[in-house]
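Remarks on the overall topology
Here is how the chains run, residue by residue.
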Amino acid sequence: MARIELSEIAHSYLPNPKEESDYALKQIHNTWEDGGAYALLGPSGCGKTTLLNVISGLLTPSNGRVLYDGKDVSRLPPEKRNIAQVFQFPVLYDTMTVFGNLAFPLQNRGLPSSKITQRVHEVAEILDLTPFLKKRAAGLAADAKQKVSLGRGLVRSDVAAILFDEPLTVIDPQLKWDLRRKIKEIHEQLKLTFIYVTHDQVEALTFADKVVIMYEGEIIQIGTPQELFENPEHTFVGYFIGSPGMNFLECTLDGNVARVDGAGITLDEKTAALGLKASGKLEVGIRPMYLKLRFEPVEGGVPAQVQAVEDQGSYKIVALTLAGKTLRARLPEGKPVPDGKVWLVFPPQWIRLFADGRLIK
C-alpha cells in the first residue's frame, strides 16, 4: 500500500506548450492517503485518464513530481511502482484458465508453486471465482472477465495501489451493480489504496470515501458525497452532481435579498454579508429537492410558470420558468401535480451563493 502525492503536476501532449490551454493537466497538487477509496469523476475529456496514467507511470508528467510514500517515482515505469491497473476492457490471456491468469503475475516473480496456489485460491474466494478456476478465460462472461482482471492485481501482496480506468463501462446494469458492490467489499476487507476513474456519478458516489472532481484539466473539489451535494465549491460541481443538477440564477444583491429580474429571494444574513463583499458575476444556487412549490401566493414566494412534469416513479421533476431561465423542482410522491402559475419558496438554509462560478464562503 502507498500514500501517493502529486506535487505541482502539469502535463501537455504538445512538445513545446506555451499557454495554459496547451495543457491537459494544470498544476495539480493533492494527496491520496494510504488505504483510501477515491473516485476520480468528471466528464469525458477533462483529464481523468491522463492523471491516472501519470500516477501509474504510463505517462511521465511535463512538470511536477509523483511521490509514493515520499519517494519520487516520476520517471519510473509502471512495473517499478508496484501498482495494478484495471482497464475498461479486461486484459487477459484468453487461452489460459482463470487459475493461470491469476497465477501468472506470481510466476513471473518466481514464487514457489505452493505459495502461488495458496494465494490464487485466496483471491478467487474473495472474488467468487473459485468455480471458474479451471475454465478458460475466453469462455467467461464480461463481469467474470473483469473480476479476473481485478484478481491479477489483488493476487500480488506487495501492490501499492489499484487503479481503475472506467472498469464497468461494458458491463450490463445489474451486473455492474453487483461488481461495484464486490469492489467496495474488497476495499473494506483489504484496505488497499483504490483510485477509480469514472464519468458516472452513481458509481463514484456509491464507491468512494472521497470523490475528486475534475474539470478542464483541474481538480476543482475533493470531498465526501454529502459535501459535494450540499456545498459544491464550483457551479460545475453543483451542475454535475445530482440528477437533475443544482439550479442557478444570475442575481444582484440588495441587502440580504438576491434580485432576479425584480423578483426577490431572501438570503440568510451570513451569506448576504459575504456576497456584498464579493466581486464578479453573482449567482444563487439551490438543489431541486429543496425548492418548494406553492399553488397560492405566499410570503417570500417567487412567481414562476410550469413548463413540464416528468414522472420518475417515486417522485416527479417539475420544470419551471423564472426570469427566462428554466429551473427544476423535485416533487415527492403523493403531492398534487402543479399546472400553470405557481410560487417558488427558496429556504435560505439551502441557498448557495457563487461569484464567478466559485462558492462564496
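Every chain is numbered on its own, with residues counted from 1 as its sequence reads. Totals for whole chains, interfaces and linings use all residues, but because this is a predicted model, local features are given only for residues with pLDDT of at least 70 and pairs of side-chain atoms are given and counted only at 80 or more. Derived side-chain values reflect all non-hydrogen atoms in the structure, with water molecules and hydrogen atoms excluded from consideration.

1. What about unusual backbone geometry?
For clarity, the threshold we go by: Here a helix means four or more residues in a row that DSSP labels H or I, a strand means two or more in a row labelled E, and each is numbered from the N terminus.
Proline 244 follows serine 243 through a cis peptide bond whose omega is -5°. Structurally, proline 244 can be placed in the loop between helix H8 (235–240) and strand E11 (247–254).

2. Considerations on helix H2 (residues 98–108)
Note the cut-off: Any residue under 20% of the maximum accessible area for its type is buried, any over 50% is exposed, and the rest in between are partly exposed; the area is computed with a 1.4 Å probe on protein chains only. The contact criterion used is simple: two residues touch if any of their non-hydrogen atoms lie within 4.5 Å.
Along H2, the residues that are buried comprise Val98, Gly100, Asn101, Leu102, Ala103, Pro105 and Leu106. If you follow the buried residues of H2, they end up packed against helix H3 (113–126) and helix H4 (142–154).

3. Some remarks on the pairing of strand E3 (residues 37–41)
We apply this condition: For two strands to be treated as a pair, DSSP must find no fewer than two bridges joining them.
Burial analysis of E3 places 5 of its 5 residues in the buried class, the great majority of the element. Burial along E3 is two-sided: Ala37, Ala39 and Leu41 and Tyr38 and Leu40, pointing in opposite directions, are all buried. With 5 bridges connecting them, E3 and strand E8 (residues 193–198) associate as parallel partners. Across the sheet, residue leucine 40 finds its bridge partner in E8, namely valine 197. As defined by bridge partners, E3 adjoins strand E9 (residues 210–215) across 4 bridges and the pair is classed as parallel. Following the sheet pairing, alanine 39 is matched in E9 by valine 211.

4. Observations regarding helix H1 (residues 48–56)
Counting buried residues along H1, 8 of its 9 residues qualify, which places the element largely inside the surrounding structure. When H1 is considered as a whole, its buried residues turn out to be Lys48, Thr50, Leu51, Leu52, Asn53, Val54, Ile55 and Ser56. Among the residues trailing H1, glycine 57 stands out with phi positive, at a value near 100°.

5. What about the sheet that holds strand E2 (residues 25–32)?
We count it as follows: For helices, the axis comes from a line fit to the C-alpha atoms of the stretch in contact; other axes are also lines fit to C-alpha atoms, and the angle between any two N-to-C directions lies between 0 and 180 degrees.
Taken in spatial order, the 4 strands make up an open sheet running E2-E1-E4-E5, and their pairing is antiparallel. For this open sheet the edge positions go to E2 and strand E5 (71–72), each flanked by a neighbour on one side alone. Relative to E2, H1 is tilted by about 55°, and along the sheet it contacts strand E1 (4–11), E2 and strand E4 (63–68).

6. Regarding the environment of tyrosine 13
Applied cut-off: Counted as a polar contact is a pair of N or O atoms within 3.5 Å, where, for protein atoms, one must be capable of donating a hydrogen and the other of accepting one, and residues adjacent in sequence contribute only when both atoms are in side chains.
The residue tyrosine 13 is located in the loop between E1 and E2 in this model. Between the C-alpha atoms of tyrosine 13 and serine 62, which are 49 residues apart in sequence, the distance is 8.5 Å. When residues no more than four places from it in sequence are discounted, the contact partners of tyrosine 13 are Ala24, Thr50 and Leu59. At 2.7 Å, the side chain of tyrosine 13 forms a polar contact with the side chain of threonine 50.

7. Quick look at the side chain of lysine 147
Just so we agree on the cut-off: His is not counted, nor are the chain ends; Lys and Arg add positive charge and Asp and Glu add negative charge. Here, a salt bridge means any side-chain nitrogen of Lys or Arg that lies within 4 Å of a carboxyl oxygen of Asp or Glu.
As for its position among the elements, lysine 147 is in helix H4. Despite being buried, lysine 147 has no salt bridge partner; aspartate 128 is the closest side chain of opposite charge, sitting 4.2 Å away. Setting aside anything within four residues of it in sequence, one finds lysine 147 in contact with Leu127, Asp128, Leu129 and Leu179.

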